[in-house]
Amino acid sequence: MHIEYEEFDTIEDIFMYMASAAPPMKNTMPINSYKGYVMSFIPLSPSNGDTYLMIYSKGSLDPGIYEFDVSSKSYKKVESIERADKVYFISLSPKRNTIADFAIDKL
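(A) The pairing of strand β6 (residues 74-78), seen in detail. Pairing geometry for strand β5 (residues 64-69) and β6, over five bridges, is antiparallel. Bridge pairing in β6 places Glu 67 opposite Lys 76.

(B) Representation of the pattern of salt bridges within the structure. This model, assessed by the stated rule, comprises four salt bridges. Residue Asp 101 is joined to Lys 35 by a salt bridge in which the shortest nitrogen-to-oxygen separation is 3.0 Å. Taken as a pair, Asp 101 in helix α2 (residues 98-106) and Lys 35 in the loop between β2 (28-34) and β3 (37-43) lie far apart in primary sequence, 66 residues in all. Overall, the relative accessible area of 16% leaves Asp 101 in the buried class.

(C) Just the sheet that holds strand β4 (residues 51-58), in detail. Read from one edge of the open sheet, seven strands run β1-β4-β3-β2-β7-β5-β6, paired in mixed fashion. Both edges of this open sheet fall to β1 (2-7) and β6, since each of them pairs with a single strand only. In this sheet, adjacent strand axes meet at a mean angle of 35° when their direction is disregarded. In the sheet, β3 pairs with β4 via seven bridges, with the strands oriented antiparallel.

(D) Fine view of the nonpolar core. Counting residues in hydrophobic clusters, the biggest one holds 16 residues, and the most contacted among them are Ile 14, Phe 15, Ile 31, Leu 61 and Phe 89. For this core, the leading source of residues is helix α1 (residues 11-21), giving five residues. In contact with Phe 15, not counting residues within four places along its chain, are Ile 31, Leu 61, Tyr 66, Phe 68, Tyr 75 and Phe 89. Ile 3, Met 39, Ala 100 and Ala 103 belong to the second largest nonpolar core, which has 10 residues in total.

(E) Representation of the environment of Glu 82 in the model. Inspection of the secondary structure assignment puts Glu 82 in the loop between β6 and β7 (87-92). The exposure class assigned to Glu 82 is exposed, which follows from its relative accessible area of 65%. For the pair Glu 82 and Glu 6, spaced 76 residues apart in sequence, the C-alpha separation works out to 30 Å. Here the side chain of Glu 82 touches Ser 80 through a polar contact of 2.8 Å, side chain to side chain.

(F) Structural detail: the packing of aromatic side chains. Evaluation of the coordinates by the stated rule reveals eight aromatic pairs. On the basis of an interplanar angle of 10° and a centroid distance of 4.1 Å, the ring pair of Phe 15 and Phe 89 is categorised as stacked. Of the two residues, Phe 15 sits in helix α1 while Phe 89 sits in strand β7, which places them 74 residues apart along the sequence. Of the two residues, Phe 15 and Phe 89, neither departs from the other in class, the shared state being buried. Their ring planes at 70° and their centres at 6.3 Å tell us that Phe 68 and Phe 89 sit as a pair that is edge-to-face. Residue Phe 68 is found in strand β5, and its partner Phe 89 is found in strand β7; the two are separated by 21 residues along the sequence. Accessibility assignment for this pair places Phe 68 and Phe 89 in one class, buried. Each member of the aromatic cluster is reached from another via a ring pair, and the members are Phe 15, Tyr 66, Phe 68, Tyr 75 and Phe 89.

What counts, and where the lines are drawn
Residues numbered from 1 in each chain as written. Predicted model: local features only at pLDDT ≥ 70, side-chain atom pairs only at ≥ 80, totals over all residues. Heavy atoms only, no water. Pairing = 2+ DSSP bridges. Helix = DSSP H or I, 4+ residues; strand = E, 2+ residues; numbered from the N terminus. Salt bridge = Lys/Arg side-chain N within 4 Å of Asp/Glu carboxyl O. Buried < 20%, exposed > 50% of the residue type's maximum accessible area, 1.4 Å probe, protein only. Axes fitted to C-alpha atoms, helices over the stretch in contact; angles between N-to-C directions. Core = buried A, V, L, I, M, F, W, Y, C linked by side-chain atoms within 4.5 Å. Contact = heavy atoms within 4.5 Å. Polar contact = N/O pair within 3.5 Å; in protein donor to acceptor, adjacent residues only side chain to side chain. Phe/Tyr/Trp six-rings, centres within 6.5 Å; stacked < 30°, edge-to-face > 60°.

Below you can see the structure in the form of structure tokens.
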């Protein structure tokens, strides 16, 4: 497995990156809060799944739904996905994530 890295200063920067990279009409994306990092993995080699881009920042998020407003570059925890003009992130805190463990060890 090979990991490429893109580090950001803030969680808002990660959300901005993910919102701009999302395919049209996809307004809900998963993100992990794991071992002191907020991160997402993007497969760079979809055919064999061997290379990933880890987008990350130091920090943490409680599990749940976060509404992100691109224009104000701000997010807030919400109870449900309600607005088509916002981007939503589902924060998960896995008990174990082997790809993240591998990537964090290589940082």
